[in-house]
Amino acid sequence: MSLAVTAAALDGEGVGLRAEDGLIAELGPAVEPRPGDEVIEDDGLLLCPPMINGHTHAAMTLFRGFGDDMMLMEWLRTRIWPAEAKLEPEDVYWGTRLACLEMIRSGTTKFVDMYWHGTEVARAVKDAGLRAMVSSVLIDDNNPANAPGLRDQVLASLDEVAHFGPRVTPTLGPHAIYTVSSESLEWLAGLVENREIPLTIHLSETEGEVSDCVEAYGKRPADYLDGLGLLGPKIVLAHGVWLDRKELDLIAERRATVVTNPAANMKLAVGRAFPYPEARHSGVPLALGTDGASSNSNLDMFEEVKLFALLQKHTSGDPSTLPAAEALAIARGQRSAALEATPLAVGEPADFLLLRGSDPELSVGDPDADLVYAAGGSVVDTTVVGGHVLMRGRQVPGAEEIVEEVRSRARRLTDRRS
Ligand SMILES: [Zn+2]
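In this report, we go over the structure that sits alongside the text. (Residues numbered from 1 in each chain as written. Predicted model: local features only at pLDDT ≥ 70, side-chain atom pairs only at ≥ 80, totals over all residues. Heavy atoms only, no water.)

1. What about helix 6 (residues 207–217)?
The α-helix advances 3.6 residues per turn, and as a result positions three or four apart in sequence lie on the same side. For helix 6, the set of buried residues is Glu209, Val210 and Cys213. Viewed end-on, helix 6 has its buried residues packed into an arc of 100°, placing them on one side of the element. On its buried face, helix 6 sits against strand 10 (199–203) and helix 7 (221–227). Positive backbone phi, at 70°, marks glycine 218, one or two positions downstream of helix 6. (Buried < 20%, exposed > 50% of the residue type's maximum accessible area, 1.4 Å probe, protein only. Helix = DSSP H or I, 4+ residues; strand = E, 2+ residues; numbered from the N terminus. Arc of directions from axis to C-beta. Contact = heavy atoms within 4.5 Å.)

Following this line, the structure appears as structure tokens:
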């Protein structure tokens, strides 16, 4: 299994790339195909690193557009929870396949997922050819009496998810500090420590979450997690909108990752923008995510990085707050050790994108600025993961079947006629 790209451009220079056994074997100006290579020799393609989506609930593509423009609790009570009560494992498989299709088409090769039926998520990721950190979810309704049976489920799920090959990373996924008890969080901290398993959790998404935490535990959310032993390099915190300066300093010291999700934060009106200037000053490892399709409503990291940059400029009143190259590095997961982004270099995994350099959005200006401010995910021509071509010429094999299957399952779950 080998692949050769012969006539691409990287940072303005002509370049070729060969991949063998999933890794980049050659990268440079004079790369020639060898017998047996799958060859991509189109002119005008731009080689670049892929996007990494640091936080999503992939299968929620099933609920896209179901109850938009509603207040959060009303939306959950009247739409999402009744629909999720009807979810079958196979629904999660297909919803995740649709999310993977969308991510392949918009240049994302890896994502951090939190959703029910992790085994089905892992199966979908494997079949789609992507990489993902797949969560074993834990919600004990903040009641430790519920925990023992749930702990067995988490352990069983971790073992099952581990069977889906090296592209799937088993991950722990306690939902949030207000839905999971201290006892369960401490137990999970032990798993992170002893088995070196990464963990992702929602944190400080709303102001109410912070005041409830202070009232219940006498501490702000990051201090509370730290006290439970849950702030370290394997921890991925989603949102962090209401973190204060001291919490950001602590997170930076512990090397935990914060994933900001600007589109979902704006759509759900969480009250303020993620404090990027403070996080940057503290040196917090930062990544970017879309959150689920029902609170975004798409999984296009090119759109997300633009929203991220514009929102930060707008709220700070300073257009230099978040330059394009910095925003791109964050969107590619390059500022977070937990996401394990790999560089375009010989010996590294052959994960890369080929963009259509002749598309209007990319044909004239500055490469980094164009990717952040001008392009959408549709500029991606070819998506490659581990040397496997998942999309070429914007064609993904099997796409129609996935769309049809999800359409009929979503109708059943949401009682929609069309
Ligand atoms: Zn989320």
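2. A few points about the side chain of aspartate 37
In this structure, aspartate 37 sits in the loop between strand 3 (23–28) and strand 4 (38–40). For aspartate 37, the side chain forms a polar contact with the side chain of serine 2, separated by 2.5 Å. Looking at aspartate 37, its side chain comes within polar contact range of the side chain of arginine 18, at 2.7 Å. Those residues in contact with aspartate 37 that lie beyond four places of it in its chain are Ser2, Leu3, Ala4 and Arg18. (Polar contact = N/O pair within 3.5 Å; in protein donor to acceptor, adjacent residues only side chain to side chain.)

3. Structural notes on the pairing of strand 1 (residues 2–10)
Bridging between strand 1 and strand 2 (residues 13–20) involves 7 bridges; their strand directions are antiparallel. If you follow alanine 8 over to strand 2, its bridge partner there is valine 15. Hairpin connection of strand 1 to strand 2: 2 residues between the antiparallel strands, including aspartate 11 at a positive phi of 50°. (Pairing = 2+ DSSP bridges.)

4. Quick word on the environment of arginine 64
Summarising the element assignment, arginine 64 is placed in the loop between strand 6 (51–56) and helix 1 (72–85). Of the residues examined, arginine 64 reaches a relative accessible area of 27% and is grouped as partly exposed. In the structure, arginine 64 is positioned 16 residues away from cysteine 48 in sequence and 30 Å away in space, judged by C-alpha atoms. In this structure the side chain of arginine 64 is engaged in a polar contact, spanning 2.9 Å, whose partner is the backbone oxygen of serine 297.

5. A short note on the coordination of the zinc ion
Surrounding the zinc ion are the protein donor atoms His55 (NE2), His57 (NE2), His202 (NE2) and Asp291 (OD), which sit 2.1 to 2.4 Å from the metal. Considering all 4 donor atoms around the zinc ion, the spread of angles at the metal, 84 to 175°, places the coordination shape in the irregular class. Between consecutive donors of the zinc ion, the numbers of intervening residues give the motif H-x1-H-x144-H-x88-D. Within this pair, whereas histidine 55 is found in strand 6, its partner aspartate 291 is found in the loop between strand 13 (286–288) and helix 11 (301–316), the two being separated by 236 residues in sequence. (Donors = N, O, S within 2.8 Å, 3.2 Å for Na, K, Ca; no water. Tetrahedral: all angles 85-135°; square planar, octahedral: opposite > 155°, others 65-115°.)

6. Considerations on the packing of aromatic side chains
Per the counting criterion, the structure on display carries 3 aromatic pairs. Summarising the aromatic geometry, the rings of tyrosine 93 and tryptophan 94 are spaced 5.2 Å apart at their centres and angled 90° between planes, so their arrangement reads as edge-to-face. By the burial criterion, tyrosine 93 is buried, and tryptophan 94 matches it. Summarising the aromatic geometry, the rings of tyrosine 276 and phenylalanine 308 are spaced 5.6 Å apart at their centres and angled 85° between planes, so their arrangement reads as edge-to-face. With a gap of 32 residues between them, tyrosine 276 in helix 10 (residues 276–282) and phenylalanine 308 in helix 11 connect regions that are remote in the sequence. Each member of the pair tyrosine 276 and phenylalanine 308 is classed as buried. Over the aromatic face of phenylalanine 66 sits the side chain of arginine 79, whose NZ or CZ is 5.3 Å from the ring centroid. (Phe/Tyr/Trp six-rings, centres within 6.5 Å; stacked < 30°, edge-to-face > 60°. Lys NZ or Arg CZ within 6 Å of the ring centre and 35° of its normal.)

7. Observations concerning the nonpolar core
Of all hydrophobic cores here, the largest spans 101 residues; its most connected members are Phe63, Leu185 and Leu237. Setting aside residues up to four positions removed in sequence, leucine 237 forms contacts with Ile201, Leu203, Leu225, Leu231, Ile251, Ala256, Thr257, Val258 and Val259. Core analysis: the second largest hydrophobic core is formed by 15 residues, Ala8, Ile24, Phe352 and Leu354 among them. (Core = buried A, V, L, I, M, F, W, Y, C linked by side-chain atoms within 4.5 Å.)

8. A few points about helix 5 (residues 182–195)
Taking 1.5 Å of rise per residue, the 14 residues of helix 5 would be expected to cover 20 Å, and the 20 Å separating its terminal C-alpha atoms lies within 8% of that figure. For helix 5, the full list of buried residues reads Ser182, Ser184, Leu185, Leu188, Ala189, Leu191 and Val192. Following helix 5 by one or two positions, glutamate 196 has its phi on the positive side, about 55°. (Expected span 1.5 Å × (residues − 1).)

9. Describing the packing of helix 4 (residues 147–161) against helix 5
Close contact between helix 4 and helix 5 brings their axes to 11 Å; oriented N to C, the two are set at 30°. For the element pair helix 4 / helix 5, the angle class is roughly parallel. For the pair helix 4 and helix 5, the crossing hand works out as right-handed. Only Glu183, Ser184, Trp187, Leu191 and Arg195 of helix 5 make contact with helix 4, whose side of the interface consists of Ala147, Arg151, Val154, Leu155, Leu158 and Asp159. Residue composition of the contact of helix 4 with helix 5, grouped by class: 6 nonpolar, 1 polar and 4 charged. (Axes fitted to C-alpha atoms, helices over the stretch in contact; angles between N-to-C directions. Parallel < 35°, antiparallel > 145°, perpendicular 65-115°, else oblique. Left-handed = near helix turned anticlockwise from the far one by under 90°. Nonpolar A, V, L, I, M, F, W, Y, C, P; charged D, E, K, R; others polar.)

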